[in-house]
Amino acid sequence: MATTFDDDAARASACDDGVRAFDAMMPLRGVCARDCDVGSGARTYTYTFRGVVGPAIARDDDETRLECVPFSMASPFVDPSSSDARDAPLVMVMHPSYSSAAAIEPTLELYAARLQCFVASFDAPHHGARGGGEDVRDVKQRATTAYAKALVDCYARDDATRYGSRPYIVDGAVDCLRVCRAMRQKFGVRRVGLTGVSLGGMMATMAAARWSNAWTSSADVDVRMDWTVVACAPIIGFSDFRWALMREESWRARIMSLPSEMRDVVFENGERPTRSETFEFWTRALSGVVARDVDDDDDDDDEGARDGADNLLRILQNGIDFLAVQGDEDARNPMRGVEAALARCARLSRARGSNSNTITIASQRNVGHEVTDAMHDVVQKFLADRIHQRDAVANTHAFEPASLNRATWRVLAFDAKPHAA
């Protein structure tokens, strides 16, 4: 039987014991973890810690097994448990493929300094320490081998429905919510923003779409940990597999981004996979994410899918502000597909209703599948405005993506909030 994200949440509340061994961790880089330029000539210090989120009791059966998840956390507070840190929000920044939490610690520190909040990342499945690569210098080589094997195993089983069997996007999204839940348990975090680059952005989108109140439960039935995801801003990480698989060559760039070791095993010609081979791979490796029937552009009845438009609709229904920052010429995330997902989400939202905020797509002109400083700047401003408490009555934002310079950015938006007549 396939498991749902609520099943994963229930397993986490029953098995995870929060942040293990964190109290013994010291700032990794000493008193001055990083001297960060936060703009306008101002500078501040951040402190970086490492820890593990994992089950209190190791379980070997598939029904209850959870993997330990190593993480890094940057904080503007030397003591994250101090009164100074009370009510500080959390931003999760998820790393791209072939990287690790330790490898992006400078990014975490910069975000923590500029946003004045906790900022964390974790090793995605089969990456970093979970891929056998403790040394940052060996991360890419080791992750490629471990990741390729996991993807081949997933494809061969064709039953990627349980935690631990979904190495591409889905298990990483579960781990993201597990780390958020542990941070709530340990430091009292209540408001969470999600972002990430490429693969990390896809995990952020999936986590935002699949967050629910089930993640606020505790092993103690009398305790409820009230925390919520308030914003999500993937960087070059939002796409629609459904759209790409229906169009000649639109799917190729994404499949070619996966390890060649995997492609050589799965496809007859690893350098030239066919559309039918690619379709078969995604429907098996992303079971329940990519619908097996993708032949009808106007089919609005994919209730079980977790693809682009469906994720956007769920994010709307969760009341989460969403900003996808893309490259206008990104072949892995074709903008035509992103636009189609937004249009389909708007149609579904109007038909089904939602209790939401806004969805915005901001694509930087003349940029492909690459991250720019401008992208990070936009995401930081967006998250800073959303994660900190604001006047609920006024419900105003200091930063609106629609205000971006149109010479640099192309902006698409859908606002599902009810408006007065």
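What you see is a predicted model, and the numbers here were worked out from it, not measured in a lab.

Quick notes on unusual backbone geometry
So, step 1. Even without being glycine, Y98 reaches a positive phi, approximately 65°.
So, step 2. Structurally, Y98 is set in the loop between β5 (90-94) and α2 (105-115).
So, step 3. Of the residues examined, Y98 reaches a relative accessible area of 17% and is grouped as buried.
So, step 4. The phi angle at N366 is positive, at roughly 60°, despite the residue not being glycine.
So, step 5. With respect to the secondary-structure elements, N366 resides in the loop between β10 (358-364) and α12 (373-387).

Things to note about the pairing of strand β6 (residues 118-122)
So, step 1. Along β6, five of the five residues are buried, which leaves the element largely enclosed by surrounding structure.
So, step 2. With burial as the criterion, each face of β6 is covered, one bearing F118, A120 and F122 and the other bearing V119 and S121.
So, step 3. Bridge count between strand β4 (residues 69-75) and β6: four bridges; the pairing is antiparallel. Along β6, the bridge assignment pairs F71 with F122.
So, step 4. Summarising the sheet, β5 and β6 pair through three bridges and their orientation is parallel. Pairing of L90 across the sheet is with F118, part of β6.

Let's talk about the nonpolar core
Within soluble globular proteins, side chains that are nonpolar generally end up buried alongside one another.
So, step 1. One finds M92, Y168, L194, F281 and W282 to be the most contacted residues of the largest nonpolar core, which totals 90 residues.
So, step 2. Ranked by residue count, the leading element in this core is helix α4 (residues 170-187), at 10 residues.
So, step 3. When near neighbours in sequence (up to four residues on either side) are disregarded, L194 contacts M92, M94, C176, C180, A204, A207, A208, V229, A231, C232, A233 and L383.
So, step 4. Counting residues in hydrophobic clusters, the runner-up holds 30 residues, among them V197, A233, L404 and W409.

Looking at the packing of helix α5 (residues 199-210) against helix α10 (residues 308-317)
So, step 1. The contact between α5 and α10 brings their axes to 7 Å, and the two run at 50°. As summarised for this structure, α5 and α10 are arranged oblique, according to the angle between their axes. Pair α5 / α10 crosses with left-handed handedness. On α10, the residues touching T205, M206, A208, A209 and R210 of α5 are D310, N311, R314 and I315.

Rules used throughout
- Residues numbered from 1 in each chain as written.
- Predicted model: local features only at pLDDT ≥ 70, side-chain atom pairs only at ≥ 80, totals over all residues.
- Heavy atoms only, no water.
- Helix = DSSP H or I, 4+ residues; strand = E, 2+ residues; numbered from the N terminus.
- Buried < 20%, exposed > 50% of the residue type's maximum accessible area, 1.4 Å probe, protein only.
- Pairing = 2+ DSSP bridges.
- Core = buried A, V, L, I, M, F, W, Y, C linked by side-chain atoms within 4.5 Å.
- Contact = heavy atoms within 4.5 Å.
- Axes fitted to C-alpha atoms, helices over the stretch in contact; angles between N-to-C directions.
- Parallel < 35°, antiparallel > 145°, perpendicular 65-115°, else oblique.
- Left-handed = near helix turned anticlockwise from the far one by under 90°.

So yeah, pure geometry; function would need other evidence.
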